[in-house]
Amino acid sequence: MNRPTDDLGTRSDTSRAIAFSDAVLAIIITLLVVDLRVPDVPPGRLLFGLLEQWPGYAAYLASYAYVAVVWLNHKSTFNRIKESDRGLHWVNLFVLFSTALLPFPTAVVSKALQEHDQQDQRVAVAFYALIGALLCASWLALFHYLARRKDLLREEVSGRHFPAERVRALVGVILYVAAGLIGYLVAPLAGLAIFVVLPVFYAVTSAGLYQVPLTRRIPRRPPAPGS
């Protein structure tokens, strides 16, 4: 006889969460292109106008790469989950919420760089860094939740996977805060350089920190005697 349970209605497979997340990320990545516009220039100056908008292209590419990496990480994460519960849905919604903010700071950075005002550029870079840190913090919350809820994971998932992923997310929080401080206090372009490097780091490690060839060659610590 099946015993009564309070989990009825709170657990489900991951298909709906994945489908909803994919749809949201597709909309976000499409919205990024809205900031790219045909330049308003006199006849014969179209090429100059297009080239003058290079900050918009750079901001678009950086944020496109970031959303693409979010999708890769999201896919890798949910491939390790066998079922969802209410808490997982909420932290997943937090990830989507923070990712959906990206088009706004992207447009702010693009406009500030094209206006050539140093103070506005500092503020724009700091603002982008704030959103980037928030996005990494949302992933930290997701990984922390999954590290504590092993009953939601597939049996073949390593017990050290999501604890290690928390470190990866925390690195992003720290580096985005550093990029914001450097961009505001030192030079905006220096902060932008960190924005370019971070998506590369998360792309390389999208399958997990311990799936990177370098870290896989690091030997595990042998068990203590008598353990």
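The rules we used
- Residues numbered from 1 in each chain as written.
- Predicted model: local features only at pLDDT ≥ 70, side-chain atom pairs only at ≥ 80, totals over all residues.
- Heavy atoms only, no water.
- Helix = DSSP H or I, 4+ residues; strand = E, 2+ residues; numbered from the N terminus.
- Contact = heavy atoms within 4.5 Å.
- Areas by Shrake-Rupley, 256 points an atom, 1.4 Å probe, with all protein chains shown as cover.
- Salt bridge = Lys/Arg side-chain N within 4 Å of Asp/Glu carboxyl O.
- Buried < 20%, exposed > 50% of the residue type's maximum accessible area, 1.4 Å probe, protein only.
- Core = buried A, V, L, I, M, F, W, Y, C linked by side-chain atoms within 4.5 Å.
- Polar contact = N/O pair within 3.5 Å; in protein donor to acceptor, adjacent residues only side chain to side chain.
- Patch = residues over 30% accessible without salt bridge, like charges linked within 9 Å, V, L, I, M, F, W, Y side chains within 5 Å.
- Expected span 1.5 Å × (residues − 1).
- Axes fitted to C-alpha atoms, helices over the stretch in contact; angles between N-to-C directions.
- Parallel < 35°, antiparallel > 145°, perpendicular 65-115°, else oblique.
- Left-handed = near helix turned anticlockwise from the far one by under 90°.
- Nonpolar A, V, L, I, M, F, W, Y, C, P; charged D, E, K, R; others polar.
- Phe/Tyr/Trp six-rings, centres within 6.5 Å; stacked < 30°, edge-to-face > 60°.
- Lys NZ or Arg CZ within 6 Å of the ring centre and 35° of its normal.

Student: Explain the overall build of the protein here, please?
Tutor: A tally of regular secondary structure across the protein gives nine helices and zero strands. In sequence order, the protein lays out its α and β elements as α-α-α-α-α-α-α-α-α. Once local pairs closer than 6 in sequence are excluded, the contacts in the protein between residues at least 24 apart make up 80%. Total accessible area on the protein is roughly 13400 Å²; 66% of this is exposed by carbon and sulfur atoms.

Student: I tried to follow the pattern of salt bridges on my own but got confused; where do I start?
Tutor: When charged atoms on two side chains of opposite charge get close, those side chains can pair. Inspection of the entire model under this criterion finds six salt bridges. Taking the shortest distance from any N to any O, the salt bridge between Asp85 and Arg149 comes out at 3.0 Å. Residue Asp85 is located in the loop between α3 (54-78) and α4 (86-100), and its partner Arg149 is located in the loop between α6 (118-148) and α7 (161-185); the two are separated by 64 residues in the primary sequence. The buried category is assigned to Asp85, whose relative accessible area is 5%. Within this structure, Arg11, Glu83, Asp85, Arg149 and Asp151 form a network of salt bridges that share partners.

Student: Whenever I open this one, the nonpolar core confuses me. Can you help?
Tutor: Grouped burial of nonpolar side chains is what soluble globular proteins tend to show. With 47 residues, the main nonpolar core has Tyr66, Leu88, Trp139, Tyr176 and Phe195 as its most contacted residues. Put simply, the parts of the chain that give this core at least two residues each are α1 (15-31), α3, α4, α5 (103-115), α6, α7 and α8 (188-204). Per-element tally for this core: the top contributor is α6, with 14 residues. Apart from the residues lying within four places of it in its own chain, the contact partners of Tyr66 are Leu102, Tyr128, Gly132, Leu135, Cys136, Tyr176 and Pro199.

Student: Help me out: how do you make sense of the side chain of Arg168 in this one?
Tutor: The topology assignment puts Arg168 in helix α7. Note on Arg168: relative accessible area 2%, which makes it buried. For Arg168, the side chain forms a polar contact with the side chain of Glu165, separated by 2.7 Å.

Student: Would you mind going over a nonpolar patch on the surface with me for this structure?
Tutor: Together, Val123, Val177, Leu181, Ile182, Tyr184, Leu185 and Val186 line one region of the surface with nonpolar side chains, adding up to about 630 Å² of accessible area. Among the elements that line the nonpolar patch, the one with the most residues is α7, at five residues. Note on placement: Val177 falls in helix α7. Since its relative accessible area comes to 43%, Val177 is described here as partly exposed.

Student: Would you take a moment to explain the environment of Gln121 for this structure?
Tutor: Among the secondary structure elements, Gln121 is positioned in helix α6. For Gln121, the residues in contact, after removing those within four places along its chain, are Ala112, Leu113, His116 and Pro188.

Student: So what exactly am I meant to see when it comes to the side chain of Ser110 here?
Tutor: You can see Ser110 is positioned in helix α5. At a separation of 3.3 Å, a polar atom in the side chain of Ser110 contacts the side chain of Asp35. Setting aside anything within four residues of it in sequence, one finds Ser110 in contact with Asp35, Pro55, Gly56 and Ala59.

Student: Just checking my understanding: could you explain α6 for this structure?
Tutor: Residues that lie three or four places apart on an α-helix share one face, since the helix turns once every 3.6 residues. Between its first and last C-alpha atoms α6 spans 45 Å; for 31 residues at 1.5 Å apiece the expected length is 45 Å, and the two agree. Where α6 begins, one side-chain oxygen reaches toward the backbone nitrogen of Gln119, 3.2 Å away; that side chain belongs to Asp117.

Student: Is there a simple way to think about the packing of α7 against α8 in this case?
Tutor: When two helices pack together, you describe them by how their axes are tilted relative to each other and by the distance separating the axes. One can describe the packing of α7 onto α8 by two numbers: an axis separation of 7 Å at closest approach and a directional angle of 165°. By the angle class used here, α7 and α8 are roughly antiparallel. As α7 packs across α8, the resulting crossing turns out to be left-handed. Each of Arg168, Ala169, Val171, Gly172, Leu175, Tyr176, Ala179, Ile182 and Gly183 in α7 lies in contact with α8, whose residues at this interface are Pro188, Ala190, Gly191, Ile194, Phe195, Leu198, Phe201 and Tyr202. In the contact of α7 with α8, the residues fall into 13 nonpolar, three polar and one charged.

Student: How should unusual backbone geometry be read in this particular structure?
Tutor: Note: most residues except glycine have negative phi, and most peptide bonds are trans. Positive phi, normally seen in glycine, also occurs at His116, with a value near 60°. In this fold, His116 is placed in the loop between α5 and α6.

Student: Would you take a moment to explain the packing of aromatic side chains for this structure?
Tutor: In this description, an aromatic ring pair is defined by two values, namely the gap between the centres and the angle between the planes. Using the criterion set out here, one finds eight aromatic pairs in the structure. Here the aromatic cluster, defined as three or more aromatic residues joined through ring pairs, consists of Tyr66, Tyr128, Tyr176 and Phe195. Across the ring face of Phe48, the terminal group of Arg45 is positioned such that the distance to the ring centre comes to 4.3 Å. The lysine or arginine in question, Lys75, covers the ring of Trp71, its NZ or CZ lying 6.0 Å from the ring centre.

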